Amino acid sequence: MASVTMTVNGKTVTATIDPRTLLSSFLREHLRLTGTHVGCDTSQCGACVVHVDGRAIKSCTALAVSLDGAHVTTIEGLASDGHLHPMQEAFREHHGLQCGFCTPGMIMSAVDIVNRKGAMLDEHTIREELEGNICRCTGYHNIVKAVAAGAQAMAATKVAAE
Amino acid sequence: MSDTLRHVSRALPHDSARKHVAGTAAYVDDLPEPHGTLHLAIGLSPAARGRLIDLGIDAVRAAPGVVAVLTADDIPGRNDIAPSLNDEPLLATDRVLYFGQPIFLVVATTRDAARLAARLARPVVEKETPSVTIEDALARGETVLPDYAFGRGNVAPALADAPLRAQGQFRIGGQEHFYLEGQVALAIPGEDGEMLVHSSTQHPTEVQHVVARILGVPQALVTCETRRMGGAFGGKESQATQWAALAALAAHATRRACKLRLDRDDDMQITGKRHDMRADWDIGFDSDGLIHAIDLQLNARCGCSADLSQGVVDRAMFHADNAYFLPVVDIRSKRLKTDSVSNTAFRGFGGPQGMLAMERMIDAVAWSLGKDPLDVRKANLYRPGHDETPYGMRVTDADTIHAIIATLEETAHYRERRAEIAAFNAQSPVLKKGLALTPVKFGISFTLKALNQAGALVNVYADGSVRLNHGGTEMGQGLYQKIAQLVADEFGIGIERVRITATTTAKVPNTSPTAASAGTDLNGMAAIVACREIKARLAAYAATLWECDADDIVFAEDALSAGNRRMSFKDAAASAIRERISLSSTGFYATPDLTWERDKGRGRPFYYFAYGAACSEVIVDMLTGENRVTRVDILHDVGRSLNPAIDMGQIEGGFVQGMGWLTTEELVYDSDGRLRTHAPSTYKIPVASDVPEHFQVMLHPGANREATVHRSKAVGEPPLMLAISVFAALCDALHSLAPGKLVPLDAPATPEAILRAARQIAPGDLF
């Protein structure tokens with residue numbers, strides 16, 4: 001067993017875990033943060049995407065103990081004070097979901113795209129950047145629309161905050 | 001009427017949209033586990049066919065964390081999970097039927113412990129050479145169900161007499177569902193042998209019935225509950241049952257809650273797929289491109305058991321006409337037994353395969369005549385006087401598909417682009433463009449008549465809030481939302497007062513699977529029937545109070561009213577309860593006018609048809625086979641849409657899923673019958689960049705002519721077949737290499753398949 005301490009959605013957590021514990025299992029089973037989904041088990045579908053120190057990673061192939069001291073944000077940590085994050089709101093508003101299983105990972109990837117590439121995303125960029133997230137329901141049409149709208153809303157929120 | 005509709009026909013978000021984006025929508029694996037929950041892993045057969053000599057599980061039993069190892073001998077009831085015939089065991093007994101078949105079950109304290117232990121088994125199988133391919137099964141002559149055929153007229157002379165004739169053999173690949181949420185179930189034992197199963201299933205009733213069969217208890221002791229699935233697409237119609245039954249078996253044996261979530265690679269390996277088929281076709285036609293006769297043999301690879309293959313292959317046959325009148329026709333089928341996991345339902349349920357075979361024949365006619373395939377398609381559409389399907393049902397609304405095609409031809413600028421593409425291809429030796437506009441006509445109803453029924457339970461409480469339950473399951477298609485909209489408008493209340501609840505066999509019994517695109521048609525009607533029963537009671541009460549006619553009571557704007565008398569819905573509910581009036585009702589609906597007689601091959605199996613058409617353009621690199629879909633225009637008929645946002649989503653998603661089936665999604669089995677493409681690393685599912693930026697979907701205006709719920713039409717499956725336009729466009733691009741030749745492209749049109757076809761028809765030119 002190994003001890004690990006990390007900050008998850010702003011709260012410091014410390015746990016003693018089997019060193020083989022995946023970050024996805026740690027989040028889902030130890031912390032009961034079940035919004036992070038496991039789809040393919042092998043880092044391809046993107047349902048398990050979370051942010052580690054501000055960057056998107058697939059949590060189903062990261063070992064929790066390797067992230068000692070890290071800051072982790074999951075889908076549950078995106079909303080603040082009961083208000084959805086602009087990207088969450090955009091997915092809801094633009095029907096960017098059906099079964100919803102890919103949605104948390106899709107949104108975490110989308111926020112990461114905006115963080116890396118800025119808010120003015122053309123459709124080609126969005127489509128290429130989403131290649132690591134599989135959706136089997138929507139055909140991506142509304143997801144792409146949601147990401148574009150969410151990106152602009154994120155920029156507007158940022159301006160408003162400044 | 002329509003001005004009282006506050007919710008129906010509006011593009012409201014999915015009922016769980018807010019929870020989905022917040023990560024708070026619970027799937028089975030997210031439910032809080034009861035204290036002491038155990039976890040399961042399955043021992044898999046190491047061979048596809050043979051005699052099971054020994055399980056070799058001593059080391060499994062001794063492994064750390066293992067609580068029990070269960071085998072077929074531990075099943076207290078009947079070892080049978082088959083939905084129809086008694087031909088599929090829960091756990092293997094003396095013989096193994098496919099590679100990866102469950103042969104034992106490990107119950108352990110953690111999922112990892114169970115999986116590690118399962119790997120320690122050393123099963124011994126006396127292996128036999130498996131039937132892997134359609135040809136293997138044909139050579140052995142093994143089938144899971146009898147051959148079946150229907151048609152009209154005497155085909156052999158009609159073919160012989162036709163001025164022109166073409167023949168071929170066409171392979172159509174299968175498809176993995178890849179529901180994002182894999183198969184999962186959580187079973188919780190109760191008192192007196194009761195069992196509660198949370199299952200990610202499209203068919204809670206079948207899970208309930210099979211669990212009762214496996215445990216040997218009355219069905220009344222078993223409850224199956226399904227709040228939502230993370231996708232299903234048919235893969236959880238009959239094939240969610242096994243995992244639920246295994247969880248229940250373990251929970252029964254250990255008296256503890258037990259959960260089974262399949263690892264994705266196992267899920268892909270050991271759950272059934274869309275049936276792959278080989279279509280052997282023969283068509284007679286004339287110089288105008290009119291079809292005179294067709295002989296079609298569909299050889300379906302069904303796998304080791306019947307599962308749903310009767311309905312699936314029947315539906316392939318029902319759709320082998322697509323939207324075309326076939327004067328003389330013989331449609332035959334073989335349901336071949338292979339030593340592979342039983343193939344199963346997949347969105348379209350065989351329909352796509354039959355339709356694709358027909359479109360191949362249409363293309364062949366066009367190619368041999370040098371005609372534009374669209375002209376051949378239009379010439380053969382059902383039309384007055386030529387309106388009877390090969391199974392004797394009349395197509396009375398073919399004007400819908402004529403109108404859809406005519407409109408799409410205009411709005412997609414088909415003719416102009418056809419000319420532009422011809423000019424482009426003439427000067428481009430390597431990159432070739434292709435274009436196709438194909439129709440869809442899809443029959444709505446279960447072809448097994450008994451399944452066309454649904455039930456609902458509606459409760460109104462003293463504060464005027466409403467609890468809604470029905471037999472349909474939610475897999476992302478928006479069924480719960482649509483039915484909540486219907487119920488809110490029936491009562492004339494805000495949808496926020498309608499509480500949607502999980503589907504459970506304890507509230508609505510003996511339901512059909514949520515399948516055949518019929519979820520809303522059936523369950524929506526049942527819910528409305530329940531609402532109207534309660535409304536009738538409330539109206540009778542208000543009529544007495546106000547001394548007016550009950551028919552004059554209007555339910556709108558959160559109130560009951562008649563003339564200038566008005567009472568809020570909430571007050572009406574509260575006072576009705578005081579007057580000892582029941583505000584709970586079931587509702588039941590059975591689709592009318594279905595008369596299919598399978599033994600005669602005649603009748604009306606469908607309540608109505610849903611129509612659509614798509615125009616797709618592609619560009620292909622003939623030196624590599626690489627290709628892109630560059631533009632898609634769709635016009636689709638959903639009748640009067642209950643929720644345009646949800647319906648558009650079904651069309652977009654269905655199309656892309658169909659595109660994957662016909663282009664990149666390839667299932668590869670080795671000679672041992674083992675699936676080698678068992679993860680998204682080797683099985684290519686469309687991603688966002690595979691979908692063209694120009695992807696325009698429009699809804700064809702118009703009401704359903706049958707009395708469906710608010711004159712809407714089913715939308716789940718039909719759009720998948722719009723993607724046949726992509727396959728036809730790829731064929732069109734290939735055809736430009738050697739005009740007049742039959743394009744030997746099989747589905748899926750992977751780059752490799754395209755390259756093979758290109759080399760075959762134009763051997764000297766490029767290569």
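Bear in mind that the values here come from a model prediction, so they are computed numbers and not experimental data.

Right, let's get into the domain arrangement of chain A. Residue and element names in this part refer to chain A. Domain assignment breaks chain A into domain 1 (2-77) and domain 2 (86-161). Placing a centre on the C-alpha atoms of domain 1 and another on those of domain 2 gives a separation of 21 Å. Counting residues at the interface gives 18 residues for domain 1, matched by 15 residues for domain 2. Taking both sides of the interface into account, the surface hidden between domain 1 and domain 2 amounts to around 1,200 Å²; carbon and sulfur atoms contribute 60%. Looking only at domain 1, the three residues that lose the most surface to domain 2 are His-37, His-51 and Ile-75, adding up to 41% of its buried area. The interface formed by domain 1 and domain 2 includes zero salt bridges. Here domain 1 is connected to domain 2 by six residue pairs in polar contact (both at pLDDT 80 or more). Taken together, the residues of the side of domain 1 that touches domain 2 break down into seven nonpolar, nine polar and two charged.

Residue and element names in this part refer to chain B. The linkage connecting Ala-747 with the following residue, Pro-748, adopts the cis geometry, with an omega of 5 degrees. Secondary-structure assignment places Pro-748 in the loop between α18 (724-735) and α19 (751-761). In the Ramachandran plot, His-710 falls in the positive-phi region, its phi being about 50 degrees despite a non-glycine side chain. Not every positive phi belongs to a glycine, and Arg-711 is a case in point at roughly 60 degrees. Take Arg-711: it is sitting in the loop between β27 (694-699) and α18.

What follows covers the domain arrangement of chain B. All names here are of chain B. As assigned here, chain B comprises domain 1 (2-24 + 453-590), domain 2 (33-128 + 177-270) and domain 3 (277-447 + 598-761). The gap between the C-alpha centroids of domain 2 and domain 3 is 36 Å. Every contact between the two is made by 23 residues of domain 2 and, on the other side, 26 residues of domain 3. Between domain 2 and domain 3 lies a buried interface of about 2,200 Å² when both sides are counted; carbon and sulfur atoms form 58% of it. As a salt-bridge pair, Arg-49 and Asp-339 come within 3.0 Å of each other at their nearest N and O atoms. There are 12 residue pairs in polar contact (both at pLDDT 80 or more) connecting domain 2 and domain 3. Partitioned by chemical class, the residues of the side of domain 2 that touches domain 3 number 10 nonpolar, seven polar and six charged.

Attention shifts here to the environment of B:Leu91. Residues and elements named next belong to chain B. With respect to the secondary-structure elements, Leu-91 resides in the loop between β3 (66-70) and β4 (95-96). Each C-alpha atom of the pair Leu-91 and Leu-70 lies 9.2 Å from the other, and the pair is 21 residues apart in sequence. Beyond its immediate stretch of four places on either side in the chain, Leu-91 contacts Leu-70, Thr-71, Ala-72, Asn-79, Pro-102, Ile-103, Phe-104, Leu-246 and Leu-249.

Residue and element names in this part refer to chain B. Of note, His-292 is situated in strand β14 (residues 291-303). For the pair His-292 and Pro-163, spaced 129 residues apart in sequence, the C-alpha to C-alpha distance is 8.9 Å. Apart from the residues lying within four places of it in its own chain, the contact partners of His-292 are Ala-162, Pro-163, Gly-284, Phe-285, Asp-286, Pro-327 and Val-328.

A few words now on the sheet that holds strand β18 (residues 466-470) of chain B. Residues and elements named next belong to chain B. The mixed open sheet is built from four strands, whose spatial order is β19-β18-β17-β24. Looking at the sheet topology across the chains shown, the edges are occupied by β19 (498-500) and β24 (584-590). The sheet shows a mean angle of 25 degrees between the axes of neighbouring strands, direction not considered. Pairing analysis gives three bridges linking β18 to β19, with the strands arranged parallel.

What counts, and where the lines are drawn
- Residues numbered from 1 in each chain as written.
- Chains lettered and ligands numbered in written order.
- Predicted model: local features only at pLDDT ≥ 70, side-chain atom pairs only at ≥ 80, totals over all residues.
- Heavy atoms only, no water.
- Domains from an automatic or database assignment.
- Contact = heavy atoms within 4.5 Å.
- Buried area = accessible area lost by both parts, 1.4 Å probe.
- Salt bridge = Lys/Arg side-chain N within 4 Å of Asp/Glu carboxyl O.
- Polar contact = N/O pair within 3.5 Å; in protein donor to acceptor, adjacent residues only side chain to side chain.
- Nonpolar A, V, L, I, M, F, W, Y, C, P; charged D, E, K, R; others polar.
- Helix = DSSP H or I, 4+ residues; strand = E, 2+ residues; numbered from the N terminus.
- Pairing = 2+ DSSP bridges.
- Axes fitted to C-alpha atoms, helices over the stretch in contact; angles between N-to-C directions.

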